[in-house]
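Examining the three-dimensional arrangement
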Amino acid sequence: MTTASGQIETRSVKVPGATLYVEVRGTGPVLLCISGGPTDAGMFTDLAGRLADRYTVVTYDQRGHSRSALDGDPEDILALHADDAAAILATVGAEPAHVYGNSGGATIGLELVTRRPELVRTLVAHEAPLMQLLPDAQRWRATFDDIYETYRAEGAFPAMAKFGAAVEEGGPKYSEEMQQTPPTPEAQEMMGRMVGNFDLFLAHEIRPISGYVPDVDALRNVPTRIVSAVGETSGEQAARRAAVALAERLGIHVTSLPGGHGGWGSDPQEFAERLHELLRTA
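Residues numbered from 1 in each chain as written. Predicted model: local features only at pLDDT ≥ 70, side-chain atom pairs only at ≥ 80, totals over all residues. Heavy atoms only, no water.

**Quick look at the nonpolar core**
Ranked by size, the top nonpolar core spans 62 residues in total, and within it Leu32, Leu89 and Leu202 carry the most contacts. Take this core: its biggest share by element is 8 residues, from helix α7 (residues 185-210). In this view, Leu32 contacts Val58, Tyr60, Ala85, Ile88, Leu89, His98, Val99 and Tyr100; residues no more than four positions away in its chain are not counted. Residues Leu47, Tyr100, Leu275 and Leu278 belong to the second largest nonpolar core, which totals 18 residues. (Core = buried A, V, L, I, M, F, W, Y, C linked by side-chain atoms within 4.5 Å. Buried < 20%, exposed > 50% of the residue type's maximum accessible area, 1.4 Å probe, protein only. Helix = DSSP H or I, 4+ residues; strand = E, 2+ residues; numbered from the N terminus. Contact = heavy atoms within 4.5 Å.)

**Here's the deal with the packing of helix α5 (residues 156-168) against α7**
Angle between the axes and distance between the axes are the two parameters that describe a pair of packed helices. Interaxial distance between α5 and α7 falls to 10 Å at its minimum, and their mutual angle equals 70 degrees. As summarised for this structure, α5 and α7 are arranged roughly perpendicular, according to the angle between their axes. The handedness of the crossing between α5 and α7 is left-handed. In this structure, α5 contributes Ala156, Phe157, Ala159, Met160 and Phe163 to the contact, and α7 contributes Val195, Phe198, Asp199, Phe201, Leu202 and Ile206. Considering only residue class, the contact of α5 with α7 consists of 10 nonpolar, no polar and 1 charged. (Axes fitted to C-alpha atoms, helices over the stretch in contact; angles between N-to-C directions. Parallel < 35°, antiparallel > 145°, perpendicular 65-115°, else oblique. Left-handed = near helix turned anticlockwise from the far one by under 90°. Nonpolar A, V, L, I, M, F, W, Y, C, P; charged D, E, K, R; others polar.)

**A word on the pairing of strand β7 (residues 120-126)**
Of all the 7 residues making up β7, 6 are buried; the element is thus mostly covered by neighbouring parts of the structure. A crossover connection joins strand β6 (residues 97-102) to the parallel β7 through helix α3 (residues 104-115); in handedness this β-α-β unit is right-handed. Bridge count for β7 against strand β8 (residues 225-231) is 5 bridges, and the pairing is parallel. By the bridge assignment, Val124 is partnered in β8 with Val227. (Right-handed = clockwise from strand over helix to strand, strands pointing away. Pairing = 2+ DSSP bridges.)

**Section: the packing of aromatic side chains**
Taken as a whole and judged by the stated rule, the model has 6 aromatic pairs. A ring pair is formed by Phe44 and Tyr100, whose centres lie 5.9 Å apart and whose planes are at 75 degrees; its orientation type is edge-to-face. One end of the pair, Phe44, is in the loop between β3 (30-34) and α1 (45-51); the other, Tyr100, is in strand β6, and 56 residues separate them in sequence. Across this residue pair, the class does not change: Phe44 and Tyr100 are buried. (Phe/Tyr/Trp six-rings, centres within 6.5 Å; stacked < 30°, edge-to-face > 60°.)

Take it as geometry only, folks, not as evidence of what the structure does.
Here you go:
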């Protein structure tokens, strides 16, 4: 069942090792949105509302994040996240879906398309942090190893401070860009939930995601249309450079979206319309 535009249906999707919290809005072709970092479905509350008159927008908390409870101990396996996304798609429709992934969510999207290309019509991979594709990959491996060791020695907040400084290097500060859009009550709630996800992110996700190497040969041969998108104001941040490197390896054009990493600093309606235009041309 889908929802009428403006309404939200919440679902629980059982997968091996976890129960996923899922939100469904709108009518039309399925658009699955996958967030990155220690965020959750709340990352896309505003965007989903702007697109629900044209898509069945599906958002979710990744396993172990916020409202998606684990059955046991967490695992450092990126493929599990891709399998979770595939399981969610199986519950919302029979036709191949559009997928928009931001940051680490774009990485999950790439693994999803590698493993289950028949499920995805279009993947918009928005600045997947594919650090291993960069000329300075060794430096980034050392950086993320240091963040992990800081977490083990000093805790989540010092490690997240280092993480924020590293990923902002070469471009605008996310906190400053986020301030350009007044936070909604829903966004403030999500920020509170994010703090509770720091430990899982730092202990089990940051290194597998930053160390991910896409299967370029497989991705070149899938039926899925892949878009490697960069933020117009991301400067020379590593995730932007990685998106360019991905496009070069896949032999596709780089596509720009408003704002920086995650669309921060952009006009929300302009971002939604530009994403819609990308999907419409599939």
